[in-house]
Protein chains: 2
Amino acid sequence: MDKTSFIGKHIDYADTPVLWLNIDAFDRNVIRMKEFCNKNSVIWRPHVKASKSPDLALRLINSGAVGITCAKVSEAEVMVAGGVRDLLIANEIVGNTKINRLIEISKIAKVCVACDDEQNIQDISKIASDSNVIIDVLVDLNVGMDRCGVHLDKAPVLAKLVSDLPGVRLRGLMGYEGHVMGLDSDDKRDVSKDVSELISVARRNLESQGFEIEICSGGGTGNYWHSASLGGINELQAGGGALMDVNYMEQMNVPNHEYALFINAQIVSTTVPGQVVLDSGWKTTGRHTGLPKVVSHPDAKVKSLSAEHGMISVDSNHSFNHGERMTLVPHYSDSTVLLHRNLFIVKNDIVEDVWEISGSGALQ
Amino acid sequence: MDKTSFIGKHIDYADTPVLWLNIDAFDRNVIRMKEFCNKNSVIWRPHVKASKSPDLALRLINSGAVGITCAKVSEAEVMVAGGVRDLLIANEIVGNTKINRLIEISKIAKVCVACDDEQNIQDISKIASDSNVIIDVLVDLNVGMDRCGVHLDKAPVLAKLVSDLPGVRLRGLMGYEGHVMGLDSDDKRDVSKDVSELISVARRNLESQGFEIEICSGGGTGNYWHSASLGGINELQAGGGALMDVNYMEQMNVPNHEYALFINAQIVSTTVPGQVVLDSGWKTTGRHTGLPKVVSHPDAKVKSLSAEHGMISVDSNHSFNHGERMTLVPHYSDSTVLLHRNLFIVKNDIVEDVWEISGSGALQ
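Residues numbered from 1 in each chain as written. Chains lettered and ligands numbered in written order. Predicted model: local features only at pLDDT ≥ 70, side-chain atom pairs only at ≥ 80, totals over all residues. Heavy atoms only, no water.

## A short note on a negative patch on the surface
Residues and elements named next belong to chain A.
- A cluster of acidic residues, Asp-55, Glu-352, Asp-353 and Glu-356, forms a negative patch on the protein surface.
- Top contributing element to the negative patch by residue count: strand E17 (residues 350-356), with three residues.
- Of note, Glu-352 is situated in strand E17. (Patch = residues over 30% accessible without salt bridge, like charges linked within 9 Å, V, L, I, M, F, W, Y side chains within 5 Å. Areas by Shrake-Rupley, 256 points an atom, 1.4 Å probe, with all protein chains shown as cover. Salt bridge = Lys/Arg side-chain N within 4 Å of Asp/Glu carboxyl O. Lys, Arg positive; Asp, Glu negative; His and termini not counted. Charge placed at Lys NZ, Arg CZ, Asp CG, Glu CD. Helix = DSSP H or I, 4+ residues; strand = E, 2+ residues; numbered from the N terminus.)

As structure tokens, this is what we get:
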């Protein structure tokens, strides 16, 4: 695709299905998150696992993010290639192949990783010190999600190991509360508070044993307004609120944001009364968490998605034609953007730029 | 990635998560499907929407498939670029941009498309005749799925239009019974029979009005052993049985096939008793239809998937280490392969080749 050919044209010139960003809405969402962090004296390091776009990452950094959070070494490589110079990989990096890739990145950018295992720390230390580089480490704390991370009692053992070994440098703690995101309002506040207290206890434990804890990292989009204000973390990972989606808006009740990420689809079949069929199914929008929302037509509603088709219920009295377009909001940006290769950047319906989703397919 | 560097090595040299094909199991599955078609005098045109790999498509053709079925113009472009020369796009191709792309493909390969709308047929006719090419058309019949396709009564209207207009040529009918795939055994046989009879009625209707019906196309992997033997269709689209997955094996009860598609993942966390965490979540295996299956460790079972992590319950008495590998079968190949960029071709644990999944991201 010759991207430049779309710049300056109406978004409807782009063939469907097309993924696009309302850049003004995006910027307003970014300002909200950044101002919330500023107000609470928390550093903002937004996760880019959903967008997987270095251009978007750089826009976040230009808007006051200290750097970015990402999920995989390959994702970090893409971000560094795109110009990002300060990254947290909020994940365990296991095996010599991946550690070697990490070392290469660390020669260009500032890189920090999460660790929850002594052997893993030894492996990183060995390869890093052999390569004369230093890898920053956060001790990954299990704050109740029961995925990765060590128990509170074990954190000092890992902190000591990182402090003692060459090639690695202790920067602090990470505690990610994925289990909190889907809770109801009261529970979400209460459990966020528990997590914050747990992180604070872990921090005091470590500090009392003489470790310097510069960073306490955590917080997802589904509870960032709690986690960034409770005092447990001082660096916020939440990034998805910049894009927003139906999941964040309606299931996680993220306050004061607006939809910025959209898909334009077109009608490819009208043979069933009261229904039109769009050329966008779950290979275009994802349906892990639920169905996308039609925002261009008030009475239209997504009934179901198959791989390549979206079945939309419509008012039987209204006539629709092949080729007519509808605009959808994905249910979950994280399971949607990676299906696409380009993100059209749109201002007042005009394409301003086309950003490559170059982290799509970065799984290792 | 330098693909050739992996050829001749054990699959465990490939970093995780890695998607791989047991090529012997694949070939045996292909033989089963092809023999079933031969026995029932049905032509085999397997769908490649799951694999999205031209190399895999060519292997199917070399094993006796007449050509391939695909879902989108962009998918067809990738297949033609990879050497495929006979394609059915089992879908409506709407809008001048896509029709023009179709015309370009038709200059290189034999292309057939499904249509369910008079304006759409007129649009294709206009652009094709202006370009001096002929596009083959199947009238898309709604056989009960209520997605695309016309009602039985309307098929002759479309057939006549295709026959009357320049640039388009009537080849036959298509009736896809997606609504049958998930039914229980008895219902599946009965509804497949109903669909088969409906297609036969439509065919006789059209033939009695003087239309020549060369192709009646349909049949998915979830019911192909019915649809290929009931007499309604004479060209089978089912392709997924060549790869197989948990969905086809356990939910659709496809008989006499074996798993051929696998993901190798590695353990990245062991901090929670009775659980290990793999570096493969729903960004690697998809979870639209269910959870993948661990086949390398008898007592291990996937509990849940997050974006980048697979939580596996294991025997608490068995000790696991970071970096140990597990082999998974995806729950649904169609929602898994498109997440990857390369498919490792493996024979007796040794990498024979690496095929590019070049149709990944082909959404338009």
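## Quick look at the layout of surface pockets
- The space that makes up the largest pocket amounts to roughly 860 Å³.
- As for the largest pocket, its lining consists of 43 residues, and the residues nearest its centre are Lys49(A), Met145(A), Arg147(A), Tyr176(A) and Ser306(B).
- Within the residue set of the lining of the largest pocket, elements represented by two or more residues are strand E4 (86-92) and helix H9 (246-251) of chain A together with strand E13 (301-305) of chain B.
- At three residues, E4(A) tops the list of elements feeding residues into the lining of the largest pocket.
- Residues lining the lining of the largest pocket come from more than one domain, with at least three contributed by each of domain 1 (1-22 + 245-364) and domain 2 (40-242) of chain A. (1 Å grid on protein atoms, 1.4 Å probe; cavity = no way out; pocket = protein on both sides within 12 Å on 5 of 7 lines; lining within 4 Å. Points joined across faces, edges and corners; volume = space filled by probe spheres on them. Domains from an automatic or database assignment.)

## Observations regarding the packing of helix H1 (residues 23-39) of chain B against helix H2 (residues 54-62) of chain B
Residue and element names in this part refer to chain B.
- Following both chains from N to C, one finds H1 and H2 inclined at 45°, their axes separated by 11 Å at the closest point. With respect to H2, the axis of H1 lies oblique. As H1 runs across H2, the sense of the crossing is right-handed. Here Ile-23, Phe-26, Asp-27 and Val-30 of H1 lie close against H2, whose contacting residues are Leu-56, Arg-59 and Leu-60.
- A per-class count over the contact of H1 with H2 returns five nonpolar, no polar and two charged. (Axes fitted to C-alpha atoms, helices over the stretch in contact; angles between N-to-C directions. Parallel < 35°, antiparallel > 145°, perpendicular 65-115°, else oblique. Left-handed = near helix turned anticlockwise from the far one by under 90°. Contact = heavy atoms within 4.5 Å. Nonpolar A, V, L, I, M, F, W, Y, C, P; charged D, E, K, R; others polar.)

## Brief notes about the packing of aromatic side chains
Residue and element names in this part refer to chain A.
- Under the definition given, this model contains twelve aromatic pairs over all chains.
- Note on Tyr-224 and Trp-225: the rings are 5.9 Å apart at their centroids and 90° apart in plane angle, and the pair reads as edge-to-face. Neither Tyr-224 nor Trp-225 differs from the other in exposure class; each is buried.
- Geometrically, the ring pair formed by Tyr-248 and Tyr-332 is edge-to-face, given 6.0 Å between the ring centres and 85° between the ring planes. Of this pair, Tyr-248 sits in helix H9 while Tyr-332 sits in the loop between strand E15 (325-329) and strand E16 (342-347), and the two are 84 residues apart along the sequence. Pair check on accessibility: Tyr-248 and Tyr-332 agree, each one buried. (Phe/Tyr/Trp six-rings, centres within 6.5 Å; stacked < 30°, edge-to-face > 60°. Buried < 20%, exposed > 50% of the residue type's maximum accessible area, 1.4 Å probe, protein only.)

## Points about the relation of the copies chain B and chain A
- For the pair chain B and chain A, the relating rotation is 180°, the translation along its axis is 0.0 Å, and the fit reaches an RMSD of 0.0 Å. What the rotation and shift describe, once combined, is the action of a two-fold rotation axis. Among all C-alpha atoms of chain B, that of His288(B) lies closest to the rotation axis, at 2.8 Å.
- Counting the interface residues of chain B, we find that 98% of their copies in chain A are interface residues as well, pointing to one common contact surface. (Least-squares fit on C-alpha atoms with pLDDT ≥ 70 in both.)

## Things to note about the environment of Thr69(B)
All names here are of chain B.
- Relative to the elements of secondary structure, Thr-69 occurs in strand E3 (residues 68-70).
- A relative accessible area of 0% means that Thr-69 is categorised as buried.
- With 211 residues separating them in the primary sequence, Thr-69 and Ser-280 have C-alpha atoms 30 Å apart.
- Those residues in contact with Thr-69 that sit more than four places away from it in its chain are Arg-45, Pro-46, His-47, Val-48, Leu-88, Ala-90 and Gln-237.
- A polar contact of 2.7 Å, which involves the side chain of Thr-69, links it to the backbone oxygen of Arg-45. (Polar contact = N/O pair within 3.5 Å; in protein donor to acceptor, adjacent residues only side chain to side chain.)

## Side note on the environment of His226(B)
All names here are of chain B.
- Within the secondary structure, His-226 sits in helix H8 (residues 224-227).
- Note on His-226: relative accessible area 15%, which makes it buried.
- Once the C-alpha coordinates of His-226 and Ser-192 are considered, the two residues, 34 residues apart in sequence, prove to be 6.4 Å apart.
- Among residues more than four places away in sequence, those in contact with His-226 are Lys-188, Arg-189 and Ser-192.

## Side note on the sheet that holds strand E5 (residues 110-115) of chain A
All names here are of chain A.
- Taken in spatial order, the eight strands of this open sheet run E2-E9-E8-E7-E6-E5-E4-E3, and their pairing is parallel. Of all the strands in the sheet, the pair left with one neighbour each is strand E2 (43-44) and strand E3 (68-70).
- In terms of strand pairing, strand E6 (residues 135-140) meets strand E7 (residues 168-175) through six bridges, oriented parallel. Each bridged residue has a counterpart across the sheet, and for Asp-136 the counterpart in E7 is Arg-169.
- Helix H6 (residues 155-164) rests against E5, E6 and E7 of the sheet, and its axis sits at about 155° to E7. (Pairing = 2+ DSSP bridges.)

## What to know about the interface of chain B and chain A
- Residue-level contacts link 59 residues of chain B with 58 residues of chain A.
- Summed over both sides, the interface of chain B with chain A buries roughly 4500 Å², with 54% coming from carbon and sulfur.
- Along the contact surface separating chain B from chain A lie ten salt bridges.
- The interface formed by chain B and chain A includes 28 residue pairs in polar contact (both at pLDDT 80 or more).
- Of all elements in the fold, only strand E4 (86-92), helix H4 (96-106), strand E10 (261-269), strand E11 (275-278) and helix H10 (282-285) of chain B reach the threshold of two or more residues within the side of chain B that touches chain A. (Buried area = accessible area lost by both parts, 1.4 Å probe.)

## Some points on the pairing of strand E8 (residues 215-218) of chain B
All names here are of chain B.
- Burial of the side chains of E8 extends over both faces: Ile-215 and Ser-217 are buried on one face and Cys-216 and Gly-218 on the other.
- Of the pairings in the sheet, the one linking strand E7 (residues 168-175) to E8 comprises four bridges and is parallel in character. Of the residues in E8, the one forming a bridge with Gly-175 is Gly-218.
- Handedness of the crossover joining E7 and E8 through helix H7 (residues 185-208): right-handed. (Right-handed = clockwise from strand over helix to strand, strands pointing away.)

## Digging into the state of the cysteines
Residue and element names in this part refer to chain A.
- Following the criterion strictly, the structure yields zero disulfides over all chains and no others.
- No disulfide involves Cys-70; its nearest neighbouring cysteine sulfur is the one of Cys-112, lying 11 Å away.
- Of all cysteine sulfurs in the structure, the one in Cys-115 sits closest to Cys-112, which takes part in no disulfide; the separation is 8.8 Å. (Disulfide = S-S within 2.5 Å.)

## A closer look at the pattern of salt bridges
- Using the criterion set out here, one finds 54 salt bridges over all chains in the structure.
- Among the ionic pairs, Asp12(A) bridges to Arg325(A), the shortest N-O distance being 3.7 Å. With a gap of 313 residues between them, Asp12(A) in the segment before strand E1 (18-22) and Arg325(A) in strand E15 connect regions that are remote in the sequence.
- With a relative accessible area of 39%, Asp12(A) lands in the partly exposed category.
- In this structure Arg325(A) comes out as partly exposed when scored by relative accessible area, which is 22%.
- We note a salt bridge from Asp279(A) to Lys98(B), for which the minimum N-O separation is 3.7 Å. Remark: Lys98(B) occurs in helix H4 and Asp279(A) occurs in the loop between strand E11 (275-278) and helix H10 (282-285); the pair is interchain, linking two chains. For the residue pair Asp279(A) and Lys98(B), the accessibility class agrees, reading buried in each case.

Any functional reading would require information that these geometric values do not contain.
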